[in-house]
Structures are given as structure tokens and as C-alpha cells.
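Inside the fold
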Amino acid sequence: MIHLFHLYKNFGPNIALSDVNLRVHEGEFVFISGPSGAGKTTLLRLIFGAERPTSGHILINGINLNRISRLKLDLLRRKIGFVFQDFKLLPAKTVFENVALALEVTGERRSLIRKKTRQSLKLVGLVDKEQAYPLELSGGEQQRVAIARAIVKDPLILLADEPTGNLDPDLTKDIMVLFKSIHMKGATVVIATHSRELLEDTEQGKIFLNRGRIFEEKWD
Amino acid sequence: MGLRLWPYFLRQALANIISNRIVHAIGLGTMVVSLLIFCTFLLLLVNLNAWVGEWGHSLTMSVYLQDGISEVGRDNIESVVRSLSGAQIRRFISKERALTEFRRALGSQAGLIDGLSHNPLPASFELVFNEVEGKKVDARGIKQDLEKVEGVEEVHYSEEWLDRFEGLMKMIRLVGFIIGGLLCMGVLFIVMNTIKLTIYSRKEEIEILKLVGATNWFVKIPFMLEGMIQGIMSGALALVILFLAYLIISTERMHFLDLAVFDFIFIPNEYALSIFLLSVSLGLAGSFIAVGRFFKV
């Protein structure tokens, strides 16, 4: 499903990723871990096509992102849910509108958009806040809106960048249950985190990054 | 792009206009003023053309004969004149009659010509030309031909100055094209900048839309509709203002150079439609250029 070959990414003189090789199979649940600045976010952004690698190749479902057209990349992104570390919510839109946005771009029927958006908000426990604006919510609630937007389109791949970074332990547990339920539905889930607790409590695959290199992989 | 998305695009475009209403109002105002300048110029040109056309319908001409011309010579000139297409001899004015009419025209000052030893006024034919099958009379050509006929001293036509006016009209038309072109560029520039400002105000939203899988066209179309709506509104507003101004002006009959009384006419419907379509196209083109430069998320 996700295949990385000799991936390098530099930002000017700074090396973000160096010779990263990775294969994540369909339906797997993987954690990418490492200290701040290890390259976790860059790796997720490369998989999402938001960045271009300096060299190397990324294959998603057999499609090489280096050779993909602009339009095909846009269409591919509809199959990938991304939970951004900074949420990327629109402050002028309500919670409902923020989540519905991911379906509106696909041209779905309005009735279906309404139904799926409500389902998604229900899953993250925010159905009673659908008319609130992001700035009226706590950090944890905003995080959950971002997750609701990422899962509303039933993605084949779910990428999450520090999805529990703003949550207390109870909510972290709830969110992880949520990710597992999405995984159980067949989605491939890749979560970047620096939380040791999260990794200790899980039996999923773990990849450790440091200074842009993979130095350990654990697959249970 | 599914038809289902168009209501969304339209909603989005209207929401953009409302949330950036000040920028749009300034853009709209500037566009309306630019179009009004162009429309006013066109209105003036259309009316000048109509007035000149009206004068050209019935051309009058005086053919002055040389002093001492024989009867045969005069008959010859008369037969040449009659052979001219559309020409009609209104009357023949003999030397004596010319003097009598001149004396009458002078009125109380008629005594001034009493001291003349001989009659200096020439005899003349007064001609009227009517358009033949809608073809305009070539007054200058006829004048040149008649002046070549033996016994003809000079030919004057009343609308001789119209020729000079035609030259002026050509100049006005040229200036109109230049002004129109410059104003079109100005309008394009205004739309481009208005749309650019609204794009920048929604930069964050565009980035997020792209990240959740929106195609470039999905993001671009509402902005293009925004430009088109601006074009529709400014075109319609400019024409309405022009029409209201026309209504006010046309209530007064136009007097021009004390020569005649003219009706003031509005620009033809096809011109009005063209201006409206031009405004819409400029709105669309301006927004198209603005969005084209932006999308590289």
C-alpha cells in the first residue's frame, strides 16, 4: 500500500530524511516514533504528496507520486485522511462545515454530506457542537474535529501527525479506540507520535526515526 | 465537473463577495466609472454619426456661372446637371434675381449696394440631391466634375464643412478606440486585483481545500464566477446609469450650432448588449488570469 524507496528530503542545507526505505501493507496499523525534529512530519507529508522528495520514490497503491499528475494527486488525496498537528481548521466555518468540506470537494450529494458528517462527528463525540466555531472549542475538541474531517470520507489510508498531542490520557485512549475502529474497517493507519506512553500501550508496528533515518522497526 | 457542484460554486462566489464586500464595492465602482466613460463616448459618437447622416440625406449645391455666359452655354450646364444621378434643379437664379435677393437680405442696409457700377453677383443653379438607393451623394466628386464644365465659375455645397467634419469624426472614432482599449485594460486590471485580494483573503481555506483533495478547478471556479458576477453587475449598472442620464438629457431638444434641431438618441441595443458582454468577458478574463497565477499549493 505504502512503499518508500531510498527516500531523501532536504530543506536547503538541512537534511530532514536520509535513505528511508519502508513498506506498509494494506490494513496495517503503524506508529512512527522519534524525538522532535526526527523527520516524522516530513515523512507523513511526503506520503501525502504535500512535499516532493529530493530523491527516491514513494508508491501509494502502486502509484509513483513522482510521476503523478496534479489532478491525479488531488483525487488520490480524497482516499487519504490526514490529521494535521496544527489541525488546519477554518475559523470562519462551523465544526459541521469544517468536516463537511472534505466531502464537498468530492461533489457528493448534500443529503449524503449531511448524513456522513453527522456520523463522523458522532464518532468523535462532537455532535452537540456541530454549530460551534473552532475557536470556541478546546484544543482537544479541535483535535477531534480534525480527526472527524480526516475519517468522514472513509479513507483507505489515515495519516495522523501527533493526533493525541493535545489530549488528556482519557481522551487519548478514546481517540486511539477510534483509530483502531477505523483500522478494523480496513483502513491503513500511520500515526506519527513522540508519546512513549502511546507506544508502550500498543501492540502495533513501530518505526523509530532519528535524524531523518529509520534506526529500528518493530512489527508484532 | 458535476452539475451538482454548481450551486456550491455559486454559493461560494456570493459568500466571497459578501465577505470581501468593501474590496468588491471599490472594484465595482471603478469598473462602472470606466465603463461609463467608454459608454458616454460611444453615446456621443452614435449621436454625432446620426446627425451627420441626417445632414447628408439632402445635399444642396449652388453652381455659379461665369459672367457673360451664352444661352447655349447655360443650357449645356443645365443638361449636365440634369444628367447627375439624384440631382434636381430647384431653381435658376439670374444675376438680377441674385441682386434682388441680396438687397432683400440686407434689409435696411440695402443702400450699401446702390453705389455699385455693375452687378457683381453671378447667376447660379440651385440644386438638391437625394440619396439614390440609399447611396450617399459624393458631393466633393460632383463639385470637381461640375467645375470642369465650361461656363461654370465655382461650385459650393452647403455641407462642404461636413467633409471636414468627417475627418474629425474619424479622429474621434480613433480616439474612442484608443480610450476604449485603455479602459478595457484598466477594467481587466481592476478585476484581476479584486480577485487577487479575495484569493489572498482565502489563502488558508484554499490550502485546506487542496489538502482534502479539491481539484484546482474546484477552487478556481468560484473565483471566476466572482469575476463574472462583478462584470455582470458593473456592465448592468453602467448601462442603467447611462440610460438614466440619457433620459434626463433627451428631454431637452438638442440645438447644435443654431443650424438645426436634433433628437438625442440612445446607443443601439446591439451596442448595449456588446458593452454588457464585454464587461462580463473582462470580469471572467480578469479572474481567470488572477487564479491562474495563484495555484501551486
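About the thresholds
- Residues numbered from 1 in each chain as written.
- Chains lettered and ligands numbered in written order.
- Predicted model: local features only at pLDDT ≥ 70, side-chain atom pairs only at ≥ 80, totals over all residues.
- Heavy atoms only, no water.
- Phe/Tyr/Trp six-rings, centres within 6.5 Å; stacked < 30°, edge-to-face > 60°.
- Lys NZ or Arg CZ within 6 Å of the ring centre and 35° of its normal.
- Helix = DSSP H or I, 4+ residues; strand = E, 2+ residues; numbered from the N terminus.
- Contact = heavy atoms within 4.5 Å.
- Axes fitted to C-alpha atoms, helices over the stretch in contact; angles between N-to-C directions.
- Parallel < 35°, antiparallel > 145°, perpendicular 65-115°, else oblique.
- Left-handed = near helix turned anticlockwise from the far one by under 90°.
- Buried area = accessible area lost by both parts, 1.4 Å probe.
- Salt bridge = Lys/Arg side-chain N within 4 Å of Asp/Glu carboxyl O.

**Let's talk about the packing of aromatic side chains**
A full pass over the atoms with the stated rule returns 15 aromatic pairs over all chains. Taken together, a centroid distance of 4.3 Å and an interplanar angle of 15° make the contact between Phe 82 of chain A and Phe 84 of chain A stacked. Among the aromatic side chains, those forming a connected cluster through ring pairs are Trp 6, Tyr 8, Phe 9 and Phe 218 of chain B. For the cation-ring pair, Arg 74 of chain B lies above Phe 92 of chain B, with the distance from its terminal atom to the ring centre recorded as 4.2 Å.

**Quick word on the side chain of Ser 120 of chain A**
With respect to the helices, strands and loops of the structure, Ser 120 of chain A is situated in helix H4 (residues 110-123). The residues contacting Ser 120 of chain A, other than those within four sequence positions of it, are Val 99, Ala 148, Ile 151 and Val 152 of chain A.

**Here's the deal with the packing of helix H8 (residues 216-250) of chain B against helix H9 (residues 269-292) of chain B**
All names here are of chain B. It is at 7 Å that the axes of H8 and H9 come closest, and there the two elements cross at 150°. Relative to H9, the element H8 is oriented roughly antiparallel. As H8 runs across H9, the sense of the crossing is right-handed. Across from Trp 217, Lys 220, Phe 223, Met 224, Gly 227, Met 228, Gly 231, Ile 232, Ser 234, Gly 235, Ala 236 and Leu 239 in H8, the residues of H9 making contact are Ala 272, Ile 275, Phe 276, Ser 279, Val 280, Gly 283, Leu 284, Ser 287, Phe 288 and Val 291.

**Some remarks on the interface of chain B and chain A**
Between chain B and chain A, the residue contacts involve 19 residues of the former and 24 residues of the latter. Note on chain B versus chain A: buried area summed over both sides is about 1,800 Å², and carbon and sulfur give 59% of it. Broken down residue by residue, the surface that chain B buries against chain A is led by Ile 208, Leu 211 and Val 212 of chain B, which jointly contribute 33%. Linking chain B with chain A are 3 salt bridges. Across the pair Asp 74 of chain A and Lys 210 of chain B runs a salt bridge whose closest N-O atoms are separated by 3.1 Å.

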